[in-house]
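Here is what each chain is made of, one letter per residue.
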Amino acid sequence: MTKIFVTRDIPDEGLKMLRARTDIELKVYGEDKKIPDGILKRSVKGADIILSLLTEKIDSSVMDAAGKQLKMIANYAVGFDNIDLAAAKERGIVVTNTPGPELSEAVAEHAVALIFTLTHRIVETDTFTRAKKYKGWGPKMFLGTDVHGKTLGIIGGGAIGTALARKMHNGFGVKIVYNDIKRNEALEKEVDATYLEKNDLLKKADFVSIHVPLLPSTKHLIGEAELKIMKNTAYLINTSRGPIVDEKALVVALTRGDIAGAGLDVYECEPLIDCDPTDTYELRKCANAVLTPHTASATIEARQAMSRVAAENILAFLDGKTPPNAVKVS
Ligand code: DGY
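None of these values were measured; they are calculated from a predicted model.

S.K.: Account for the sheet that holds strand 5 (residues 94-96), with residues named and values stated.
M.R.: Pairing between the strands of a sheet comes from backbone hydrogen bonds, and it takes one of two forms, parallel or antiparallel. Within the open sheet, the five strands sit side by side as 2-1-3-4-5. Their pairing is parallel. Looking along the sheet, the strands with just one partner apiece sit at the ends: strand 2 (24-28) and strand 5. Mean inter-strand twist for the sheet, computed between neighbouring axes without regard to direction, equals 15 degrees. The strands that helix 1 (residues 12-19) touches are strand 1 (2-6), strand 2 and strand 3 (49-53); relative to strand 2, the one it contacts most, it runs at about 145 degrees.

S.K.: I'd like a description of the pattern of salt bridges, backed by residues and values.
M.R.: Using the criterion set out here, one finds 24 salt bridges in the structure. Note that Asp12 and Lys16 form a salt bridge whose closest N and O atoms lie 3.4 Å from each other. With a gap of four residues between them, Asp12 and Lys16 both fall in helix 1, about one helical turn apart. On the basis of relative accessibility, which here comes to 33%, the residue Asp12 falls in the partly exposed class. The partner of Arg21 in a salt bridge is Asp319, and the shortest N-O contact between them spans 3.3 Å. Pair noted here: Arg21 is in the loop between helix 1 and strand 2 and Asp319 is in the segment after helix 12 (300-318), with a separation of 298 residues, a long-range link. It is possible to trace a salt-bridge network through shared partners that takes in Glu13, Glu102, Arg308 and Glu312.

S.K.: Requested: an account of the packing of aromatic side chains, with residues and values cited.
M.R.: Geometrically, a pair of aromatic rings is defined through the distance of the ring centres and the angle of the planes. Taken as a whole and judged by the stated rule, the model has four aromatic pairs. Ring centres of Phe116 and Phe172 lie 4.8 Å apart, and the angle between their planes is 55 degrees; on these two criteria the pair is classed as tilted. On the criterion of sequence distance, the pair formed by Phe116 in helix 5 (residues 101-119) and Phe172 in helix 7 (residues 159-172) is long-range, its members being 56 residues apart. Relative accessible area serves as the criterion here: at 30%, Phe172 is assigned to the partly exposed category. Taking the centre distance of 5.3 Å and the plane angle of 80 degrees together, the rings of Tyr178 and Tyr195 count as edge-to-face. Of the two residues, Tyr178 is situated in strand 7 (residues 175-179) and Tyr195 in strand 8 (residues 194-195); the sequence distance between them amounts to 17 residues. Tyr178 sits in the buried class, given a relative accessible area of 0%. What makes Tyr195 partly exposed here is its relative accessible area of 22%.

Definitions and cut-offs
- Residues numbered from 1 in each chain as written.
- Predicted model: local features only at pLDDT ≥ 70, side-chain atom pairs only at ≥ 80, totals over all residues.
- Heavy atoms only, no water.
- Pairing = 2+ DSSP bridges.
- Helix = DSSP H or I, 4+ residues; strand = E, 2+ residues; numbered from the N terminus.
- Axes fitted to C-alpha atoms, helices over the stretch in contact; angles between N-to-C directions.
- Contact = heavy atoms within 4.5 Å.
- Salt bridge = Lys/Arg side-chain N within 4 Å of Asp/Glu carboxyl O.
- Buried < 20%, exposed > 50% of the residue type's maximum accessible area, 1.4 Å probe, protein only.
- Phe/Tyr/Trp six-rings, centres within 6.5 Å; stacked < 30°, edge-to-face > 60°.

Structure (C-alpha coordinates):
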(Lines give C-alpha, C1' and ligand atoms only; values in the text may rest on other atoms or scores of the structure.)
Protein backbone atom coordinates (compact mmCIF):
# COMPACT_ATOMS: atom_id res chain seq x y z
CA MET A 1 0.00 0.00 0.00
CA THR A 2 1.42 3.40 -1.01
CA LYS A 3 0.71 6.13 1.50
CA ILE A 4 0.09 9.57 -0.01
CA PHE A 5 -0.37 12.71 2.06
CA VAL A 6 -1.98 15.72 0.37
CA THR A 7 -1.19 18.94 2.23
CA ARG A 8 -4.51 20.65 1.40
CA ASP A 9 -7.75 19.82 -0.36
CA ILE A 10 -7.40 20.48 -4.11
CA PRO A 11 -9.85 20.30 -7.04
CA ASP A 12 -11.00 16.72 -7.28
CA GLU A 13 -9.96 15.44 -10.71
CA GLY A 14 -6.61 14.07 -9.62
CA LEU A 15 -7.82 12.99 -6.19
CA LYS A 16 -10.49 10.83 -7.88
CA MET A 17 -7.78 9.20 -10.01
CA LEU A 18 -5.75 8.38 -6.92
CA ARG A 19 -8.78 7.19 -4.91
CA ALA A 20 -9.69 4.81 -7.75
CA ARG A 21 -6.51 2.82 -7.03
CA THR A 22 -6.80 0.07 -4.43
CA ASP A 23 -3.04 0.14 -3.77
CA ILE A 24 -3.10 3.75 -2.54
CA GLU A 25 -3.99 5.05 0.92
CA LEU A 26 -4.78 8.74 0.48
CA LYS A 27 -4.91 11.25 3.33
CA VAL A 28 -5.84 14.88 2.68
CA TYR A 29 -5.42 17.73 5.16
CA GLY A 30 -9.04 18.80 5.35
CA GLU A 31 -8.85 22.45 6.41
CA ASP A 32 -9.10 25.06 3.67
CA LYS A 33 -6.02 26.92 4.88
CA LYS A 34 -2.27 26.44 4.81
CA ILE A 35 -1.32 23.47 6.95
CA PRO A 36 0.60 24.62 10.06
CA ASP A 37 4.25 23.46 10.02
CA GLY A 38 3.89 21.28 13.14
CA ILE A 39 0.84 19.47 11.75
CA LEU A 40 2.61 19.08 8.40
CA LYS A 41 5.59 17.37 10.03
CA ARG A 42 3.35 15.05 12.07
CA SER A 43 1.08 14.26 9.11
CA VAL A 44 3.79 13.34 6.62
CA LYS A 45 5.25 10.70 8.97
CA GLY A 46 5.23 7.37 7.13
CA ALA A 47 4.15 8.86 3.78
CA ASP A 48 5.67 7.42 0.60
CA ILE A 49 4.54 10.42 -1.42
CA ILE A 50 3.71 14.01 -0.45
CA LEU A 51 1.39 15.94 -2.76
CA SER A 52 2.34 19.47 -1.76
CA LEU A 53 1.17 22.99 -2.57
CA LEU A 54 3.35 26.03 -3.25
CA THR A 55 2.39 27.37 0.19
CA GLU A 56 4.31 24.58 1.94
CA LYS A 57 8.05 24.79 2.33
CA ILE A 58 9.20 21.22 1.81
CA ASP A 59 12.73 21.27 3.16
CA SER A 60 15.03 18.62 4.64
CA SER A 61 13.26 18.77 8.01
CA VAL A 62 9.91 17.88 6.40
CA MET A 63 11.54 15.13 4.33
CA ASP A 64 13.18 13.70 7.46
CA ALA A 65 9.93 13.98 9.40
CA ALA A 66 8.31 11.85 6.70
CA GLY A 67 10.98 9.18 7.00
CA LYS A 68 13.33 7.21 4.79
CA GLN A 69 10.47 5.61 2.83
CA LEU A 70 9.55 9.02 1.25
CA LYS A 71 10.07 8.55 -2.48
CA MET A 72 8.29 11.39 -4.19
CA ILE A 73 7.13 14.98 -3.77
CA ALA A 74 4.45 15.82 -6.32
CA ASN A 75 4.04 19.59 -6.27
CA TYR A 76 0.65 21.05 -7.21
CA ALA A 77 2.19 24.02 -9.09
CA VAL A 78 4.37 24.65 -12.07
CA GLY A 79 6.79 26.48 -9.75
CA PHE A 80 8.87 24.36 -7.38
CA ASP A 81 10.82 26.94 -5.41
CA ASN A 82 9.02 25.77 -2.24
CA ILE A 83 10.93 22.48 -2.41
CA ASP A 84 14.56 22.03 -1.44
CA LEU A 85 15.68 20.20 -4.56
CA ALA A 86 19.19 19.52 -3.29
CA ALA A 87 17.81 17.89 -0.14
CA ALA A 88 15.43 15.81 -2.27
CA LYS A 89 18.25 14.74 -4.56
CA GLU A 90 20.44 13.76 -1.61
CA ARG A 91 17.64 11.51 -0.36
CA GLY A 92 16.80 10.08 -3.79
CA ILE A 93 13.34 11.69 -3.75
CA VAL A 94 11.69 12.40 -7.11
CA VAL A 95 10.11 15.86 -7.47
CA THR A 96 7.41 16.69 -10.02
CA ASN A 97 5.46 19.82 -11.00
CA THR A 98 2.27 20.55 -12.97
CA PRO A 99 2.87 22.45 -16.20
CA GLY A 100 0.32 22.12 -18.98
CA PRO A 101 -1.67 24.04 -21.56
CA GLU A 102 -4.52 24.91 -19.20
CA LEU A 103 -2.18 26.49 -16.66
CA SER A 104 -0.20 28.31 -19.37
CA GLU A 105 -3.35 29.74 -20.94
CA ALA A 106 -4.79 30.83 -17.60
CA VAL A 107 -1.60 32.60 -16.48
CA ALA A 108 -1.14 34.20 -19.90
CA GLU A 109 -4.76 35.42 -19.83
CA HIS A 110 -4.12 36.94 -16.40
CA ALA A 111 -1.05 38.77 -17.72
CA VAL A 112 -3.20 40.12 -20.57
CA ALA A 113 -5.82 41.18 -18.03
CA LEU A 114 -3.21 43.04 -15.96
CA ILE A 115 -1.89 44.82 -19.06
CA PHE A 116 -5.35 46.06 -20.03
CA THR A 117 -6.35 46.85 -16.45
CA LEU A 118 -3.33 49.16 -16.27
CA THR A 119 -3.52 50.76 -19.71
CA HIS A 120 -7.29 51.30 -19.58
CA ARG A 121 -7.13 52.31 -15.90
CA ILE A 122 -9.92 49.89 -14.99
CA VAL A 123 -9.41 49.83 -11.22
CA GLU A 124 -9.15 53.62 -10.89
CA THR A 125 -12.18 54.25 -13.07
CA ASP A 126 -14.26 51.56 -11.37
CA THR A 127 -13.50 53.13 -7.98
CA PHE A 128 -14.32 56.59 -9.36
CA THR A 129 -17.61 55.43 -10.87
CA ARG A 130 -18.75 53.56 -7.75
CA ALA A 131 -17.97 56.66 -5.68
CA LYS A 132 -20.58 58.54 -7.80
CA LYS A 133 -17.87 60.90 -9.06
CA TYR A 134 -18.82 60.51 -12.71
CA LYS A 135 -20.59 63.73 -13.63
CA GLY A 136 -20.23 63.66 -17.40
CA TRP A 137 -17.98 62.65 -20.27
CA GLY A 138 -14.72 64.56 -20.73
CA PRO A 139 -12.21 64.44 -23.60
CA LYS A 140 -9.22 64.29 -21.24
CA MET A 141 -10.77 62.22 -18.51
CA PHE A 142 -8.72 59.19 -17.39
CA LEU A 143 -6.59 58.99 -20.50
CA GLY A 144 -4.84 55.67 -20.76
CA THR A 145 -2.65 54.25 -23.50
CA ASP A 146 -3.22 51.96 -26.47
CA VAL A 147 -1.88 48.43 -26.39
CA HIS A 148 -2.15 47.95 -30.14
CA GLY A 149 1.14 48.49 -31.96
CA LYS A 150 3.24 48.50 -28.79
CA THR A 151 6.15 46.20 -27.92
CA LEU A 152 5.90 43.44 -25.34
CA GLY A 153 9.14 42.21 -23.79
CA ILE A 154 8.80 38.69 -22.47
CA ILE A 155 11.41 37.50 -19.99
CA GLY A 156 11.20 33.71 -20.17
CA GLY A 157 10.15 32.30 -23.53
CA GLY A 158 8.75 28.98 -22.26
CA ALA A 159 5.18 27.71 -22.36
CA ILE A 160 3.55 30.61 -20.48
CA GLY A 161 5.65 33.27 -22.21
CA THR A 162 4.76 31.74 -25.57
CA ALA A 163 1.03 31.64 -24.74
CA LEU A 164 1.17 35.33 -23.81
CA ALA A 165 3.16 36.23 -26.94
CA ARG A 166 0.57 34.47 -29.11
CA LYS A 167 -2.36 36.30 -27.54
CA MET A 168 -0.74 39.72 -27.66
CA HIS A 169 0.70 39.40 -31.16
CA ASN A 170 -2.25 37.70 -32.87
CA GLY A 171 -4.96 39.45 -30.90
CA PHE A 172 -3.63 42.96 -30.50
CA GLY A 173 -0.91 43.48 -33.11
CA VAL A 174 1.79 43.76 -30.47
CA LYS A 175 5.43 43.31 -31.46
CA ILE A 176 7.19 40.63 -29.40
CA VAL A 177 10.77 40.76 -28.12
CA TYR A 178 12.00 38.19 -25.63
CA ASN A 179 14.91 37.10 -23.51
CA ASP A 180 15.76 33.72 -22.02
CA ILE A 181 18.83 31.66 -21.22
CA LYS A 182 18.41 30.09 -24.64
CA ARG A 183 16.64 31.05 -27.84
CA ASN A 184 13.21 29.65 -28.68
CA GLU A 185 13.12 29.39 -32.46
CA ALA A 186 9.52 28.14 -32.52
CA LEU A 187 8.45 31.31 -30.70
CA GLU A 188 10.46 33.48 -33.09
CA LYS A 189 8.81 31.83 -36.06
CA GLU A 190 5.27 31.75 -34.72
CA VAL A 191 4.94 35.37 -33.63
CA ASP A 192 7.89 36.95 -35.39
CA ALA A 193 9.57 37.45 -32.02
CA THR A 194 13.03 38.97 -31.73
CA TYR A 195 15.55 37.67 -29.20
CA LEU A 196 17.21 40.51 -27.26
CA GLU A 197 19.69 40.71 -24.42
CA LYS A 198 17.87 41.60 -21.20
CA ASN A 199 18.93 45.26 -21.07
CA ASP A 200 18.07 45.80 -24.75
CA LEU A 201 14.65 44.30 -24.10
CA LEU A 202 14.13 46.60 -21.10
CA LYS A 203 15.07 49.63 -23.22
CA LYS A 204 12.68 48.74 -26.00
CA ALA A 205 9.59 47.24 -24.37
CA ASP A 206 6.39 49.08 -23.51
CA PHE A 207 5.36 46.09 -21.37
CA VAL A 208 7.80 43.75 -19.65
CA SER A 209 6.25 40.46 -18.51
CA ILE A 210 8.18 37.94 -16.41
CA HIS A 211 7.80 34.18 -16.99
CA VAL A 212 10.88 32.54 -15.51
CA PRO A 213 11.05 30.21 -12.50
CA LEU A 214 12.46 31.46 -9.20
CA LEU A 215 16.01 30.13 -8.95
CA PRO A 216 19.10 31.59 -7.25
CA SER A 217 20.00 33.01 -10.69
CA THR A 218 16.63 34.76 -11.17
CA LYS A 219 16.26 36.35 -7.71
CA HIS A 220 16.03 40.14 -8.22
CA LEU A 221 16.43 39.70 -11.97
CA ILE A 222 14.56 43.01 -12.07
CA GLY A 223 16.04 45.48 -9.58
CA GLU A 224 16.92 49.14 -9.35
CA ALA A 225 19.28 49.11 -12.34
CA GLU A 226 16.81 47.27 -14.59
CA LEU A 227 13.89 49.51 -13.58
CA LYS A 228 16.00 52.55 -14.46
CA ILE A 229 16.63 51.14 -17.95
CA MET A 230 12.89 50.70 -18.62
CA LYS A 231 11.01 53.53 -20.35
CA ASN A 232 9.10 55.79 -18.00
CA THR A 233 5.99 54.96 -20.03
CA ALA A 234 6.49 51.20 -19.61
CA TYR A 235 4.62 48.72 -17.42
CA LEU A 236 6.03 45.73 -15.52
CA ILE A 237 3.92 42.56 -15.19
CA ASN A 238 4.85 39.76 -12.79
CA THR A 239 2.81 36.55 -12.64
CA SER A 240 5.77 34.25 -11.88
CA ARG A 241 7.31 34.58 -8.40
CA GLY A 242 7.65 37.68 -6.24
CA PRO A 243 11.37 37.54 -5.39
CA ILE A 244 12.27 37.81 -9.09
CA VAL A 245 11.52 41.52 -8.69
CA ASP A 246 13.24 43.64 -6.04
CA GLU A 247 9.99 44.96 -4.61
CA LYS A 248 11.57 47.76 -2.61
CA ALA A 249 13.21 49.09 -5.78
CA LEU A 250 9.93 48.67 -7.65
CA VAL A 251 8.06 50.83 -5.14
CA VAL A 252 10.69 53.56 -5.57
CA ALA A 253 10.40 53.32 -9.37
CA LEU A 254 6.59 53.45 -9.24
CA THR A 255 6.60 56.38 -6.83
CA ARG A 256 9.19 58.38 -8.76
CA GLY A 257 7.52 57.62 -12.11
CA ASP A 258 10.58 55.79 -13.44
CA ILE A 259 8.04 53.36 -14.93
CA ALA A 260 4.35 53.97 -15.63
CA GLY A 261 2.94 51.11 -13.62
CA ALA A 262 3.05 47.49 -12.53
CA GLY A 263 0.65 44.57 -12.56
CA LEU A 264 1.58 42.08 -9.86
CA ASP A 265 0.11 38.70 -8.96
CA VAL A 266 3.02 37.62 -6.75
CA TYR A 267 4.98 39.26 -3.94
CA GLU A 268 8.43 39.03 -2.52
CA CYS A 269 7.31 37.98 0.98
CA GLU A 270 4.04 36.34 0.04
CA PRO A 271 1.44 36.28 1.45
CA LEU A 272 2.60 39.66 2.80
CA ILE A 273 2.17 42.46 0.29
CA ASP A 274 4.97 44.34 1.97
CA CYS A 275 8.13 42.57 3.16
CA ASP A 276 8.61 45.23 5.76
CA PRO A 277 5.98 44.73 8.50
CA THR A 278 6.02 48.48 9.10
CA ASP A 279 4.79 48.90 5.52
CA THR A 280 7.79 51.04 4.57
CA TYR A 281 7.66 49.85 0.99
CA GLU A 282 4.04 50.96 0.68
CA LEU A 283 3.35 48.95 -2.43
CA ARG A 284 -0.35 48.95 -1.62
CA LYS A 285 -0.37 52.76 -1.76
CA CYS A 286 0.96 52.90 -5.34
CA ALA A 287 -2.07 53.89 -7.42
CA ASN A 288 -0.16 52.90 -10.56
CA ALA A 289 0.04 49.27 -9.42
CA VAL A 290 -2.65 46.64 -9.87
CA LEU A 291 -2.39 43.87 -7.30
CA THR A 292 -3.97 40.41 -7.42
CA PRO A 293 -3.55 37.67 -4.79
CA HIS A 294 -1.58 34.97 -6.70
CA THR A 295 -4.68 34.06 -8.70
CA ALA A 296 -3.21 33.98 -12.22
CA SER A 297 -3.85 30.24 -12.54
CA ALA A 298 -7.10 30.38 -10.59
CA THR A 299 -9.48 29.15 -13.26
CA ILE A 300 -11.55 26.01 -12.74
CA GLU A 301 -9.99 24.49 -15.86
CA ALA A 302 -6.39 25.18 -14.86
CA ARG A 303 -6.73 24.12 -11.24
CA GLN A 304 -8.47 20.85 -12.24
CA ALA A 305 -5.77 20.21 -14.85
CA MET A 306 -3.07 20.77 -12.22
CA SER A 307 -4.82 18.20 -10.01
CA ARG A 308 -4.93 15.72 -12.90
CA VAL A 309 -1.28 16.32 -13.84
CA ALA A 310 -0.14 15.84 -10.23
CA ALA A 311 -2.00 12.50 -10.15
CA GLU A 312 -0.61 11.47 -13.55
CA ASN A 313 2.90 12.10 -12.25
CA ILE A 314 2.21 9.97 -9.17
CA LEU A 315 0.58 7.13 -11.11
CA ALA A 316 3.41 7.01 -13.66
CA PHE A 317 5.91 6.84 -10.81
CA LEU A 318 3.97 4.03 -9.09
CA ASP A 319 3.86 2.14 -12.38
CA GLY A 320 7.66 2.28 -12.56
CA LYS A 321 7.81 4.94 -15.30
CA THR A 322 9.56 8.29 -15.28
CA PRO A 323 6.86 10.83 -14.31
CA PRO A 324 6.04 13.12 -17.25
CA ASN A 325 6.93 16.21 -15.25
CA ALA A 326 9.94 15.18 -13.19
CA VAL A 327 11.86 18.30 -12.19
CA LYS A 328 15.47 18.09 -13.31
CA VAL A 329 17.96 18.72 -10.55
CA SER A 330 21.40 19.67 -11.81
C1 DGY B 1 2.21 27.81 -10.11
O2 DGY B 1 1.65 26.83 -10.63
O3 DGY B 1 3.41 27.82 -9.85
C4 DGY B 1 1.38 29.02 -9.87
O5 DGY B 1 2.08 30.02 -9.25
C6 DGY B 1 0.12 28.67 -9.10
O7 DGY B 1 -0.65 27.93 -9.92
